[in-house]
Number of protein chains: 2
Amino acid sequence: MKQTRTNLSDADTRREAIVEAALAAFAQSGFAATPVTAVAALAGISQAYVFKLFPSKEGLFVAAVERCYERIEETLEQSAGRARSDDPNAILSAMGDGYAGLIADRTILMIQVHAQSAADVPAIRDAVRRGLARIVRFAKHRSGASDEAVQSFIAFGQLCHLITTADVFDLGEDWARLLARNIRHVPAN
Amino acid sequence: MKQTRTNLSDADTRREAIVEAALAAFAQSGFAATPVTAVAALAGISQAYVFKLFPSKEGLFVAAVERCYERIEETLEQSAGRARSDDPNAILSAMGDGYAGLIADRTILMIQVHAQSAADVPAIRDAVRRGLARIVRFAKHRSGASDEAVQSFIAFGQLCHLITTADVFDLGEDWARLLARNIRHVPAN
DNA sequence: AACTTCAGTGAGTACCTACTCACTCACCAT
DNA sequence: ATGGTGAGTGAGTAGGTACTCACTGAAGTT
């Protein structure tokens, strides 16, 4: 029995730290190209202990993807509360602002891109589906916007991912300006 | 001197075959997770010879990405010719139809997704940029549509990629139908 | 003091993979 | 025949990486 702490046990604290490190590490190089040692080093522990707390590299990646979508939903929720009116489009727009801030450091954005790329692994594909389901449902019900508006919200989010991964912002060329027009972009300080 | 053939030399024929094999192999597992042996096996030659014709795995992948965007541009061009009217939106719509057919077998779609995921490699990021530039410029000038319409064309293309990688078509759930609404989808044969 | 529990690790194992190199073989010109 | 050229490969090398396991050490329990 462990009731000396009302907080998480030490192992759970570690698990948290590892997921956080996994977000950062996998965001950099993706699922296949990121060794578990990189995650362990970032978390400041041995690689062996990572495998004691997570069943496999795949399981660790799935945990990171889940955390990623949780954080997106939280962010949408908070920013929806900051909308100036109850107009569905105003709420969606506020969510867009919040999301732009969230992905400023690219971590959450790149995890999604890498997860999409690794979605041939069934467990990863399922995690992406569950995450998408959460976000789409939340955006729809919280904003009350039309299906078309929510779909467009997601579509332009994907465009934003593309622009960011290819570093098209601030490129100056005609096609680049066309793509990036009116896309919210918070530079990563 | 080699002028007994007006066609490609044998080495160039091989190069072609290898790029074709690379498209298929990399589309399956992505850049990092696809060994060059897989490409070689698919092309029916030894791995050593692949490295004689391409400088590195990275160079091979870049060649595949370039081929991918070439094929997209060709497809857009052909399908634009089939538009029923000169109305910009009709032309863009015809391009969308053509693209939906092109990505039916997922190869061209997945190469783009994997390239985006591997875009931290400078040469790959540049290939993506060049490809995007071609497509955006072509779509804009050939259709004569507004910047907004072209941007939307690309954004919904990205949404289509997401839906496809996560296998959301035919999922039946509310959020899945919302996302896939009016997205062209040609089932793979 | 003896025992249990649990966070944590060093040092493997077994396998994979990018890339190289010395070599073969078929064909052609002289 | 002889020698050159270019397609093509078998057999490496060097390094990386997912995952395992026997172990340590500290803290609590009895």
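Scroll up for the structure.
Residues numbered from 1 in each chain as written. Chains lettered and ligands numbered in written order. Predicted model: local features only at pLDDT ≥ 70, side-chain atom pairs only at ≥ 80, totals over all residues. Heavy atoms only, no water.

*Asks:* Please explain the overall build of chain A as it appears in this structure.
*Replies:* Broken down by element type, chain A carries nine helices and zero strands. Overall, chain A shows an N-to-C arrangement of helices and strands of α-α-α-α-α-α-α-α-α. Principal axes of the C-alpha set define a box for chain A whose edges measure 55 × 40 × 35 Å. Residues classed as buried in chain A amount to 51% of the 189 residues present. Look at the contacts in chain A between residues 6 or more apart in sequence, and 67% of them connect residues 24 or more apart. (Helix = DSSP H or I, 4+ residues; strand = E, 2+ residues; numbered from the N terminus. Buried < 20%, exposed > 50% of the residue type's maximum accessible area, 1.4 Å probe, protein only. Contact = heavy atoms within 4.5 Å.)

*Asks:* It is not clear to me how the relation of the copies chain B and chain A should be interpreted in this structure. Could you clarify?
*Replies:* Superposition of the two copies of the chain requires a rotation about an axis together with a shift along that axis. Overlay of chain B on chain A (RMSD 0.1 Å): rotation 180°, translation along the axis 0.0 Å. The superposition of one copy onto the other is thereby described by a two-fold rotation axis. With an isologous cut-off of 70% or more, the 100% of interface residues of chain B that recur at the interface of chain A puts this contact in the isologous class. (Least-squares fit on C-alpha atoms with pLDDT ≥ 70 in both.)

*Asks:* Please clarify how the packing of aromatic side chains should be interpreted in this entry.
*Replies:* All names here are of chain A. Across all of its chains, the model carries six aromatic pairs over all chains by this definition. Considering the side-chain rings of Phe26 and Phe31, the 6.3 Å spacing of their centres and the 45° angle between planes classify their relative orientation as tilted. Of the two residues examined, Phe26 and Phe31, each falls in the buried class. Aromatic pair Phe31 and Phe61: ring centres 4.9 Å apart, planes at 45°, arrangement tilted. Of the two residues, Phe31 is situated in helix H1 (residues 10-33) and Phe61 in helix H4 (residues 57-81); the sequence distance between them amounts to 30 residues. Here Phe31 and Phe61 have matching classes, each one buried. Here the aromatic cluster, defined as three or more aromatic residues joined through ring pairs, consists of Phe26, Phe31 and Phe61. (Phe/Tyr/Trp six-rings, centres within 6.5 Å; stacked < 30°, edge-to-face > 60°.)

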